[in-house]
Amino acid sequence: GESVGLHLPTLSVQEGDNSIINCAYSNSASDYFIWYKQESGKGPQFIIDIRSNMDKRQGQRVTVLLNKTVKHLSLQIAATQPGDSAVYFCAETQTGANNLFFGTGTRLTVIP
Amino acid sequence: DAGITQSPRHKVTETGTPVTLRCHQTENHRYMYWYRQDPGHGLRLIHYSYGVKDTDKGEVSDGYSVSRSKTEDFLLTLESATSSQTSVYFCAINTGFNEQFFGPGTRLTVL
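Residues numbered from 1 in each chain as written. Chains lettered and ligands numbered in written order. Predicted model: local features only at pLDDT ≥ 70, side-chain atom pairs only at ≥ 80, totals over all residues. Heavy atoms only, no water.

Looking now at the overall build of chain A. Within chain A, the regular secondary structure consists of zero helices and 10 strands. Reading chain A from its N terminus to its C terminus gives the helix and strand order β-β-β-β-β-β-β-β-β-β. Taking 2.2 N^0.38 as the reference for a compact globule, 112 residues should give roughly 13 Å; the C-alpha atoms of chain A span a radius of gyration of 14 Å, in line with that estimate. A principal-axis box enclosing the C-alpha atoms of chain A has dimensions of 40 × 30 × 20 Å. The proportion of buried residues among the 112 residues of chain A is 45%. Working note: accessible area of chain A is about 5400 Å², and carbon and sulfur atoms make up 46% of it. With 9 positive and 9 negative side-chain charges, chain A shows a separation of 4 Å between the mean positions of the two kinds. (Helix = DSSP H or I, 4+ residues; strand = E, 2+ residues; numbered from the N terminus. Rg over C-alpha atoms; globule rule 2.2 N^0.38 Å. Buried < 20%, exposed > 50% of the residue type's maximum accessible area, 1.4 Å probe, protein only. Areas by Shrake-Rupley, 256 points an atom, 1.4 Å probe, with all protein chains shown as cover. Lys, Arg positive; Asp, Glu negative; His and termini not counted. Charge placed at Lys NZ, Arg CZ, Asp CG, Glu CD.)

Here it is, written out as structure tokens:
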């Protein structure tokens, strides 16, 4: 598999704690946002998405919050597990566009 | 991996040589994408395709060309590789509203 040794912001959490990963997006016209997880040696994996008409969306152990006023996204992971260790990216786009614009990512390390 | 494979998975080549990377999907999705991933830049779109023989440029298309003669295959070509094209290349497909699924990646090193 493939990955890159990115010089990224990092977050270290204890197993069982909650994690919060933040992302500032750039385009105020963006109306659709996605969080991806990239494990070492693999391609990015879709986690959860949110549209701009929502402030919050929940999945299984994950919650995404959107603050359009300050152009900020966050991904909350409940009861973080060692398998959650990865690089997390946010991506933004506009309805009808064919391109996703990705942030540079945050590396999450879970301490057993 | 949503039925996406990439080949080769690793390649080392010399400056000035042509290189072709292949992306293959098994699910007949219309949209396919090529991205490169570099430290400090995240993922950036090179080219994308919205159907057989229908392609368009992305954010970093200079030095790259693509072809799609069949729904299942999307080829990325570096006509004359340069060291700045050393990167990890990911193919992706769109299975719904902007929901992209990615292949395992190809690590390309240009010496």
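There's plenty left to go through after this.
Attention shifts here to the environment of Pro82(A). Residues and elements named next belong to chain A. Examined against the element boundaries, Pro82 turns out to sit in the loop between β7 (72–77) and β8 (86–93). Overall, the relative accessible area of 39% leaves Pro82 in the partly exposed class. When the C-alpha atoms of Pro82 and Val110 are compared, they prove to be 5.2 Å apart, with 28 residues separating the residues in sequence. Sequence-distant contacts of Pro82, that is, excluding residues within four places in its chain, are made with Glu15 and Val110. (Contact = heavy atoms within 4.5 Å.)

For the rest of this paragraph, the subject is the pattern of salt bridges. Residue and element names in this part refer to chain B. Scanning all chains against the criterion turns up eight salt bridges over all chains. For Arg36, the salt bridge is made with Asp38, and the minimal N-O distance between the two is 2.8 Å. Residue Asp38 is classed as buried on the basis of its relative accessible area of 8%. The partner of Lys70 in a salt bridge is Asp73, and the shortest N-O contact between them spans 3.3 Å. A relative accessible area of 8% places Asp73 in the buried class. (Salt bridge = Lys/Arg side-chain N within 4 Å of Asp/Glu carboxyl O.)

Moving on, we get to the confidence of the model for chain A. In the predicted model, chain A carries a mean pLDDT of 90, and the fraction of residues at 70 or more is 94%. Across residues 1–6 of chain A, confidence stays below pLDDT 50; counting only partners more than four residues off in sequence or on other chains, it has 31 contacts. (pLDDT = per-residue confidence, 0-100.)

Let us look at the packing of aromatic side chains. All names here are of chain B. Tallied over the full model, the rule gives 13 aromatic pairs over all chains. Ring geometry for Tyr35 versus Phe102: centroids 5.5 Å apart, planes at 45 degrees, classification tilted. Linking Tyr35 in strand β4 (residues 32–38) with Phe102 in strand β10 (residues 100–102), this pair joins segments that are 67 residues apart in sequence. Looking at Tyr35, the relative accessible area reads 0%, which means it is buried. Its relative accessible area of 5% is what places Phe102 among the buried residues. (Phe/Tyr/Trp six-rings, centres within 6.5 Å; stacked < 30°, edge-to-face > 60°.)

With that settled, consider the sheet that holds strand β6 (residues 62–67) of chain A. Residues and elements named next belong to chain A. The sheet built from four strands is open, its strands ordered β2-β7-β6-β5 with antiparallel pairing. Looking at which strands have only one partner, the edges of the open sheet turn out to be β2 (19–24) and β5 (56–58). Adjacent strand axes in the sheet meet at a mean angle of 15 degrees when their direction is disregarded. (Pairing = 2+ DSSP bridges. Axes fitted to C-alpha atoms, helices over the stretch in contact; angles between N-to-C directions.)

All names here are of chain B. Scanning all chains against the criterion turns up two disulfides over all chains. The partner cysteine of Cys23 in its disulfide is Cys91, sulfur to sulfur 1.8 Å. Disulfide Cys23-Cys91: the torsion about the S-S bond is -70 degrees, which places it as left-handed. Remark: Cys91 occurs in strand β9 (residues 87–94) and Cys23 occurs in strand β3 (residues 19–25); sequence separation between them is 68 residues. An identical accessibility class is assigned to Cys23 and Cys91; each is buried. (Disulfide = S-S within 2.5 Å.)

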